[in-house]
Amino acid sequence: MAGQNNEQLIEHWKDEPAPLLPLLHAFHDRDGHLSEDALRAVSAALRIPLADLYGTVTFYHHFARFPPGMSAPRVCTGPVCRLVGGTELLEAMRKDGATPMACAGRCDEPIPVLTDHAVSVGATVEALQERPSPLPVANPGGLPECVFRSIRKEGRAGIAGYQKSGGYRALRSALSSGFPAAVIETVERSELAGRGGAGFPTGRKWRAVANEERGPKSVVCNADEGEPGCFKDRVLMDHDPHAVIEGMILAAYAVGASRGFIYLRYEYPQTAVILQRAIDEATEAGLLGDDILGGGLDFRIYVRRGAGAYICGEEGSLLNSLEGKHPFPRERPPYPVSHGFEDLPTVVNNVETLASVPPIIDRGGDWYRKLGLGDHAGTKVISLSGDIQRPGNYEVPIGFPLPTLLNEWAGGAPEGRTIQAVTMAGISGGFLAGDDLETTLDESSVRARGSMLGAGGIMVFDDSRDMVDVAHSCMEFFAHESCGKCFPCRIGTQRLTERLAEADDVGAAGPGDRADWAREVEDIGEVMKATSACGLGMAAPLITESLMRYWPDRVAEHVASRAS
Amino acid sequence: MSERHIEIDGQSVPYEEGETLLEAAGRTDAEIPTLCYDPRLEPFGGCRLCVVEIEGSHNPVASCARKCEDGMVVRTATDALEQHRKTLVEMVCSENRQVDVDPLSGFASQELAVLADRYDARTQRFVGRRSGQSRVDDDDNPFILRDYDQCISCYRCVRVCAEQEGDYAISVKGRGFDTQITVEFDGKLNESACTFCGQCVATCPTGALADRKALRHVDTPGPIEKTRTICPYCGVGCSVDLLTKGDSLVGVQPAMDGPANKGALCIKGQYAYDFVQHGDRLTTPLLRGDDGELHPASWDEALDVAAAGFLKARDEHGRHSIYAIASGRAPHEAAYTTQRFIRAGFWTNHVDNCSRA
Ligand SMILES: Cc1cc2nc3c(=O)[nH]c(=O)nc-3n(C[C@H](O)[C@H](O)[C@H](O)COP(=O)(O)O)c2cc1C
Ligand code: SF4
Ligand code: SF4
Ligand code: SF4
Ligand code: FES
């Protein structure tokens, strides 16, 4: 877009679906930041009040308002990157204008540094290198997989390689059968549940959208993957983009949708290129566009990049963001199935959920259901990172024992260390430690331990780590990412961060008396869990809750150090 | 179909399709606290004080946003809910410089203080950083004081400006605890799209947005009295409450139940009242003498001269040569009398008012 003037950029985007984000990105890419002139032009072109537009732009971490803007490095200081020197790398790069960013989803090979449109990874300035996402290793237990089944095949990311290894077979057979309802039935039978964190049954969601009469309907692929410690969607999109696209087309066919969006987090610029290439290939091959494969389905997919806001992974916030509104979560009900994109019926599904669909349609619902252990259905990709020998993505049967994954598949803690704790659901499930590490990986078992499996990010902390410090960095993340809509979370995440800060930290506040400290932290946690307007605020206090449960002595010491 | 009901604290309450739990509860004895709620605006669900328990639902729900469904069983004041509310009010108090503000600040300005009393929340718990920042050089407008240290991010001002006034002048900058109410590019209000209707001031529950004109009278002695009247400036006919202390007019607040305006006003009705007790105001008739200057005169002298002038004009040029314009700043009674005087006195319809918007 370089060299294009305001009018050309506006002309290109203003009549496209969901135009605000791509138009802002067009200006941001051209100028490196969003100038006052750019915002005035966008405001006039899209008829968005200037004050609203200004406020909304400032919501997104990565939209720079002033030079050097995009070209200044952003260094990940997330919980995993801090273990290997994220803070030090940031300091070393300060002279280049570097600023911190929250977990950028490269925890399997830290530390990511984002500059312009490229992410480099490496633990020191010298080691920084632009690299593609690592492929998942062959399944260490030799167990059957669903989404990783073909991902390691040669050329899988291109349409030829994808089709050679069975790709688009499911779509062809579904379209030629002529029964969209059959797709829904198979997905229901598979017992596939949302892999984005909430675990809602996918078949039931699709049926609800199919039953809605209003249209046009949309299918939104949630590729925001902002949860610290989660990087599974990235590897799926990077190495098997057509699986995600095929899953979206199948969803569109099942529910009668004509518009598809992939809402991709800003921190995955290389993925944006891969996805667009795959969409272009699929369009070229007649798999997207009008009358797909002669089956009467019209469906197009648009990639929309976020701009740095974890909350935009929450579906209501995501939809507001797509629509160009301030990205606060929406009050529910109504749900997106009836009132989604532009208030019309919408499927919102996670990348992994959608990528599971083609193999399910291909091999049948029973096949997928039986991949789970015991009563559990299907598989889950776990992103494993931190103090572990072999970090990476592992597809496990649901119900798989955590100790087997940690110690046998991933090699356990680094030499000479033991595993002290893990996080669950990225960090949204808080910590598990001690005997609770014996859990199996399924919601019922993990929830029985006061946590949740969620999107399947697990960070490992060995016995050398100070868990109060880890908890502080997790809570800092929630405070940084709280959207500010509701009181319990907006104030609560801030107060909890202040209470977890070390005594000499400028950000420290709160009682120095242990009982008072605990009561404040518990009261805040209770009110956040019970009354927050979305999952962020409900999940954040699991950090403090589990910290106090597993490490009461360390907490006492922490509070005592503040009393003086 | 039979009438639909929900049960609120054991009482069966009929409701209309689309009504929220909070609206239905308004017809019972339940006293559900709110801070981000303004009945004129779309439900927002920010403060979470209005949460209630619904049988069969795991977490409490925001009653301001949740619609009634037939057969719902709702509890509005369980111990757990009241505990959550107390904690929330304590938390909100902790982000502000002070809880108590002068009632002249604005119509809703006492809401936080009232809840702090109700929940015994002046406990000084949850101390920490305060939220919100004001511009130090923000003194350019005489109407609206922006004291964002007092802001609790309820977004009522933002929403009233957009939904009620249609100005979209203010918005939300940043996120989380760093949220800041602002205008485009953090500018000044008088350089923004603001029309100074004062709606944001009227809905602000903390005095963060305050009526700078009224606050000039903080030290004027006496209790504040409210007198309901109608704004004289135009044909909309907005209801207002004039605030007085003793003989002094100290401010104007919109009447939320005004049939024409439902709490809305424009800058004229809201702020243009200084003339009433302005030092330059005439206290006696003035007559222009042969020297060309104005001289004080008695009412009889002045009326005689005016009457002679009117009659001369009518006799020389006919009754339609007379045209009267009543001032929007005159009382309604004077506007009415003017109209009678011209129509009945001169038999002409040449009469108007200066603000016939
Ligand atoms: C704070 C928050 C962040 C979320 N982030 C994501 C995300 O990055 N990706 C995702 O797929 N779902 C995310 N979700 C869950 C979505 O709201 C939604 O449930 C999901 O996209 C539905 O798809 P699924 O049923 O396929 O999981 C998030 C939820 C919350 C509360
Ligand atoms: S819980 Fe947090 S992130 Fe969610 S709506 Fe409330 S403030 Fe926003
Ligand atoms: S200024 Fe007042 S009305 Fe506006 S958000 Fe702050 S407290 Fe609410
Ligand atoms: S002048 Fe303004 S406040 Fe007065 S009646 Fe008209 S619209 Fe209402
Ligand atoms: S009144 Fe319902 S959340 Fe504020």
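Please read these numbers as outputs of a predicted model, since none were measured by experiment.

Another aspect to go through is the site of ligand 3. Taken together, the neighbourhood of ligand 3 is formed by 13 residues, with Cys151, Cys154, Tyr155, Cys157 and Cys204 of chain B sitting nearest. Per-class residue counts for the shell around ligand 3 are 11 nonpolar, two polar and no charged.

For the rest of this paragraph, the subject is unusual backbone geometry. Residue Pro68 of chain A follows Pro67 of chain A across a cis peptide bond; omega there is 5°. Assignment of secondary structure puts Pro68 of chain A in the loop between helix H4 (50-59) and strand E1 (74-76). Across the junction of Gly215 of chain A and Pro216 of chain A, the peptide omega takes the value -5°, indicating a cis bond. Of note in this structure, Asp9 of chain B is not a glycine but carries a positive phi near 45°. Turning to its location among the elements, Asp9 of chain B is positioned in the loop between strand E1 (5-8) and strand E2 (11-14). Even without a glycine there, the phi angle at Tyr155 of chain B is positive, about 65°. The topology assignment puts Tyr155 of chain B in the loop between strand E6 (144-146) and helix H4 (156-164). Accessibility expressed as a relative area gives 2% for Tyr155 of chain B, which makes it buried.

The next subject is the interface of chain A and chain B. Much of the literature gives interface size as the accessible area that the parts lose upon coming together. Every contact between the two is made by 53 residues of chain A and, on the other side, 46 residues of chain B. For the pairing of chain A and chain B, the buried interface totals around 3,800 Å² over both sides, and the portion due to carbon and sulfur atoms is 59%. Between the two partners, chain A and chain B, sit four salt bridges. With a shortest N-O distance of 2.7 Å, Arg125 of chain B and Asp523 of chain A are connected by a salt bridge.

Turning our eyes to something else, we now look at the pairing of strand E14 (residues 419-423) of chain A. All names here are of chain A. A large share of E14 lies buried, amounting to five of its five residues. In the sheet, E14 pairs with strand E17 (residues 457-462) via three bridges, with the strands oriented antiparallel. Residue pairing across strands places Ile419 opposite Asp462, the latter belonging to E17. Of the pairings in the sheet, the one linking E14 to strand E15 (residues 431-433) comprises three bridges and is antiparallel in character. For Val422, the partnering residue across the bridge sits in E15 and is Leu432.

Residue and element names in this part refer to chain B. As summarised here, the arrangement of the five strands in space is E2-E1-E5-E3-E4, forming an open sheet in which the pairing is mixed. At either end of the open sheet lies a strand with only one pairing partner, and these are E2 and strand E4 (61-62). Sheet topology note: the E1/E2 ladder contains four bridges and is antiparallel. Within E2, the residue paired with His5 across the bridge is Pro14.

By nearness alone, 13 residues border ligand 2, and Cys483, Cys486, Cys489, Cys534 and Gly537 of chain A come closest of all. Looking at the shell around ligand 2 residue by residue, the classes come out as eight nonpolar, four polar and one charged.

Before going further, it helps to examine the pattern of salt bridges. Residue and element names in this part refer to chain A. Tallied over the full model, the rule gives 69 salt bridges over all chains. For Arg152, the salt bridge is made with Glu145, and the minimal N-O distance between the two is 3.0 Å. For Arg152, a relative accessible area of 29% corresponds to the partly exposed category. One continuous salt-bridge network, built from bridges that share partners, spans Arg189, Glu191, Asp366 and Arg369.

With that settled, the discussion passes to the packing of helix H20 (residues 467-481) of chain A against helix H24 (residues 541-550) of chain A. Residue and element names in this part refer to chain A. It is the contact of H20 with H24, at a shortest axis distance of 9 Å, that shows an interaxial angle of 170°. In terms of orientation, H20 and H24 fall into the roughly antiparallel class. Here Met467, Val468, Ala471, Cys474, Met475 and Phe478 of H20 come into contact with H24, specifically with Ile543, Thr544 and Leu547. Per-class residue counts for the contact of H20 with H24 are eight nonpolar, one polar and no charged.

What follows concerns the domain arrangement of chain B. Residues and elements named next belong to chain B. Segmentation of chain B into domains returns domain 1 (5-77), domain 2 (89-277) and domain 3 (286-353). For domain 1 and domain 2, the distance between their C-alpha centres works out to 27 Å. Taken together, the contacts link 12 residues of domain 1 with 21 residues of domain 2. Summing both partners gives a buried area of about 1,400 Å² for domain 1 against domain 2, and 58% of it is carried by carbon and sulfur. Three residues, Leu35, Arg40 and Leu41, lead the burial of domain 1 against domain 2; their summed loss comes to 52% of the area buried on that side. Our count for the contact surface shared by domain 1 and domain 2 stands at zero salt bridges. At the boundary of domain 1 with domain 2, the tally comes to nine residue pairs in polar contact (both at pLDDT 80 or more). For the side of domain 1 that touches domain 2, the per-class residue count stands at seven nonpolar, one polar and four charged.

Here is what the cut-offs are and how they apply
Residues numbered from 1 in each chain as written. Chains lettered and ligands numbered in written order. Predicted model: local features only at pLDDT ≥ 70, side-chain atom pairs only at ≥ 80, totals over all residues. Heavy atoms only, no water. Near = heavy atom within 4 Å. Nonpolar A, V, L, I, M, F, W, Y, C, P; charged D, E, K, R; others polar. Helix = DSSP H or I, 4+ residues; strand = E, 2+ residues; numbered from the N terminus. Buried < 20%, exposed > 50% of the residue type's maximum accessible area, 1.4 Å probe, protein only. Contact = heavy atoms within 4.5 Å. Buried area = accessible area lost by both parts, 1.4 Å probe. Salt bridge = Lys/Arg side-chain N within 4 Å of Asp/Glu carboxyl O. Pairing = 2+ DSSP bridges. Axes fitted to C-alpha atoms, helices over the stretch in contact; angles between N-to-C directions. Parallel < 35°, antiparallel > 145°, perpendicular 65-115°, else oblique. Domains from an automatic or database assignment. Polar contact = N/O pair within 3.5 Å; in protein donor to acceptor, adjacent residues only side chain to side chain.

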